[in-house]
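Analysis of the macromolecular model
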Amino acid sequence: MSHMYLLKRGKTYYFNRRIRTKMLRLSLGLSNKSEANIIATRLFVFTNSCIRRGMNYEQIKSLAKEEAQRLHDEWLERHFMGEPLSEATIDHESEVQIDFQKMLYEGLVAPDQIQDALAQVLYVSLREKTMGEWQRPDRILSALDNSKAIIGSLPPEGLKPISTFIDDYIQSRDESGKATTEETKSKKRFEIAEFVKLIGDLPLSEIGIKQAEEFRRLLRKLPPNRENRKDFKEMSVKEILALDLPKDQCLSDTHVRRTLIGLNSYFTWLCNRKFISLNPFSDVTVSAETNSYVRFSVTDLSVLFKDGVYSLGDSNSTASRWWLMLLALYSGARLSELCQLLISDVQCIDGVLCLVITDEDESQKVKTKAAKRYVPVHTDLLGLGFEDYVKQVQASDRQRLLPSVWTGSSKAGKAASTWFARYRTKHFPQLEGENKVFHSFRHTLIQTAMKAGVDMSKLQQMVGHEPSLLGSTKTYIGDGFPVTMLAEELAKVSFPDIDLEWLLANNWRCIKKP
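Sequence order as written defines the numbering, with residues in each chain counted from 1. In keeping with the model being predicted, local features are shown solely for residues with a pLDDT of at least 70 and side-chain atom pairs are shown and tallied solely at 80 or more, while totals for entire chains, interfaces and linings include all residues. Calculation of side-chain values draws on the structure's entire complement of heavy atoms; hydrogens and water are dropped beforehand.

**Quick word on the pattern of salt bridges**
Selection rule: We count a salt bridge whenever a side-chain nitrogen from Lys or Arg sits within 4 Å of a carboxyl oxygen from Asp or Glu. Strands are runs of DSSP state E lasting at least 2 residues, helices are runs of H or I lasting at least 4, and numbering of each runs from the N terminus. Buried, partly exposed and exposed residues are distinguished by accessible area as a fraction of the type maximum, computed with a 1.4 Å probe on protein chains only: under 20%, between the cut-offs, and over 50%, respectively.
Summed over the entire model, instances satisfying the criterion amount to 15 salt bridges. Here Asp-388 and Arg-509 are joined by a salt bridge, their closest N and O atoms 2.9 Å apart. Taken together, the residues Asp-388 in helix α15 (residues 386–395) and Arg-509 in the segment after α20 (500–505) connect sequence positions 121 residues apart. Here Asp-388 falls in the partly exposed class, since its relative accessible area comes to 38%. Salt-bridge contacts for Glu-489 lead to Lys-492; the nearest nitrogen and oxygen are separated by 3.1 Å. Classification of Glu-489 by relative accessible area gives buried; the value is 11%. Here the salt bridges share partners, and the residues they tie into one network are Arg-220, Lys-247 and Asp-253.

Quick look at the structure:
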């Protein structure tokens, strides 16, 4: 560690480093150069990691202070809980510190061991400093005076509970166009409420990384929908935690990750308004596997489109459901996109009949900007009478292309998703446990298209994915490829195991319900 990052003012050493356009200067509270050099080394490595994560100056400054104290504070808590260190332990850790110091100075520490070595060196140094304060009460008084000065410098908002600003936060998102539905607002309120239930409605200034990590730990031990389930709703959080439920009965890592992302967003908003200087959730998350839905096999497809709705023997058959699954398979569209389609969203563009996925109607929403698109209708669907179906629905004065799967709920596709889950259990129980769900139609189209040699950039446009293959050139794609080119690529896709003759003989015209 070069001394260039050490600055001495009077008898005190400071860590002094320029971060982009600002100077980061932290008092180390030490007059011993050797000890100051050790702590400065730790801070140098830590600020490097912060810079790599793209943190700004204020975040680096705040996190550096907290990191420098974390191990020390854990020891202090144990000490006052009746677990004082023995003389033998103190002597041993001091020896380890000396060994680590020597190894660090001589460059004998492997790169992946540097953080642990420095943490131990810093911890021992800070612990000895605190124990020295107990022997010199005047140092404690000086530290208390400094603490009062720090508290006095906090913005008044930082002393208010975490729940104080949730309405302002939601309103701010509304005004920026980020949260326009009641469902999204409810989720944001729920995320803050969860933190209050598990950790408490603490003042913002008292919420640090320790509280964020504790919230994550507790959340991962709780069951889903606990307040509405008969076996948990009468129990306190403490009682539920005491059950030590197995992981498969607890909230999924995906759910926990989304909750942490929500809190990270809230605290980022607070940071941007200078209510706090540190976002405690900026580096607190969990690894969560994405839902790796399985594509339908050729055997699955041959059965799916010859039974249930397609055998005309299901009392719950409707023409909308008959077309829903076929449209999902041949277009790769998301369930919500199909359920919210209007009759007017079926358009002939440059001689190609297309589904227009859009959010122009107030009842429609799309997942991303790329989700707004034109999807050619596959020739197999045209052969099954899709144009006639559109005309029939139009003649009935209905607005929705699939009227019986649209419920007008806050989330398009929610009712259809529930129906398909029950439909699959009733007619195709062999698919349960294989993670084959409605979204599997989308996966099946994408993977079949890839095997058929469909151009990847055109496939991405058809299914509403960001054009990642185009790299920086995606800036210039404008409205994308013309639908005539998309139709040519989609024509390469076929599902020979689907009996189209059977579907023609048992088609939607035989179903009275729309």
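**Here we look at the confidence of the model for the chain**
Threshold: Per residue, pLDDT measures the predictor's confidence, with a range of 0 to 100. Here, residues are in contact when the closest pair of their heavy atoms is within 4.5 Å.
Of the residues in the chain, 75% reach a pLDDT of 70 or more, and the chain-wide mean stands at 77. This stretch, residues 147–152, has a pLDDT under 50; its non-local contacts, to residues over four places away or in other chains, come to 0 contacts. Low pLDDT, under 50, characterises residues 469–478; the predicted model gives this stretch 7 contacts beyond four residues in sequence or across chains.

**Concerning helix α17 (residues 440–451)**
The condition is simple: What a helix should span is 1.5 Å times the count of its residues minus one.
End to end, α17 covers 16 Å across 12 residues, agreeing with the expected 16 Å (1.5 Å per residue, within 8%). Looking only at α17, the buried set comprises Ser-440, Phe-441, Arg-442, Thr-444, Leu-445, Ile-446, Thr-448 and Ala-449. Positive phi shows up at Gly-453, right after α17, with a value of about 85°.

**Observations regarding the environment of Leu-431**
Structurally, the position occupied by Leu-431 is in the loop between α16 (414–427) and α17. Here the alpha-carbon distance between Leu-431 and Phe-296, two residues 135 residues apart in the chain, equals 9.1 Å. The contacts of Leu-431, once residues within four sequence positions are left out, are Phe-296, Asp-300, Leu-304, Arg-424 and Lys-436.

**Notes on the side chain of Ser-457**
This is how it is decided: Counted as a polar contact is a pair of N or O atoms within 3.5 Å, where, for protein atoms, one must be capable of donating a hydrogen and the other of accepting one, and residues adjacent in sequence contribute only when both atoms are in side chains.
Mapped onto the secondary structure, Ser-457 falls in helix α18 (residues 456–463). Assessed through its relative accessible area of 11%, Ser-457 is described here as buried. A polar atom in the side chain of Ser-457 sits 2.5 Å from the side chain of Asp-455.

**Focus on a positive patch on the surface**
Definition in use: Patch definition: residues above 30% relative accessible area lacking any salt bridge, with like charges linked at up to 9 Å and the nonpolar side chains Val, Leu, Ile, Met, Phe, Trp and Tyr linked at up to 5 Å. Only the protein chains shown count as cover for residues, and all accessible areas are computed by the Shrake-Rupley method using a 1.4 Å probe. Under the convention used here, Asp and Glu are negative, Lys and Arg are positive, and both His and the chain ends fall outside the count. For the purpose of locating charges, the reference atoms are NZ of Lys, CZ of Arg, CG of Asp and CD of Glu.
Taken together, the side chains of Lys-187, Arg-257, Arg-258 and Lys-367 present a region of like positive charge at the surface. Along the polypeptide, Lys-187 turns up in helix α7 (residues 182–198).

**Describing unusual backbone geometry**
In this structure, Asp-244 takes a positive phi of about 50° despite not being glycine. Positionally, Asp-244 belongs in the loop between α9 (237–242) and α10 (253–272). Positive phi values are uncommon outside glycine, yet Lys-274 reaches one of about 65°. Tracing the chain through its elements places Lys-274 in the loop between α10 and α11 (298–304). Lys-274 gets classed as exposed once you look at its relative accessible area, which sits at 58%.

**With respect to the packing of aromatic side chains**
Selection rule: Note on aromatic pairs: the rings of Phe, Tyr and Trp (six-membered ring only in Trp) are paired at centre separations within 6.5 Å, and the planes decide the class, stacked below 30 degrees, edge-to-face beyond 60, tilted for the rest.
Taken as a whole, this structure holds 28 aromatic pairs when the rule is applied. Arranged with centres 4.7 Å apart and planes meeting at 55°, the rings of Phe-296 and Phe-441 form a pair that is tilted. Of this pair, Phe-296 sits in the loop between α10 and α11 while Phe-441 is found in helix α17, placing the two residues 145 residues apart along the sequence. For the residue pair Phe-296 and Phe-441, the accessibility class agrees, reading buried in each case. Ring geometry for Tyr-389 against Trp-508: centres 5.5 Å apart, planes inclined by 80°, an arrangement best described as edge-to-face. Of this pair, Tyr-389 sits in helix α15 while Trp-508 is found in the segment after α20, placing the two residues 119 residues apart along the sequence. Overall, Tyr-389 belongs to the buried group, its relative accessible area being 1%. Using a relative accessible area of 2% as the deciding quantity, one classes Trp-508 as buried.

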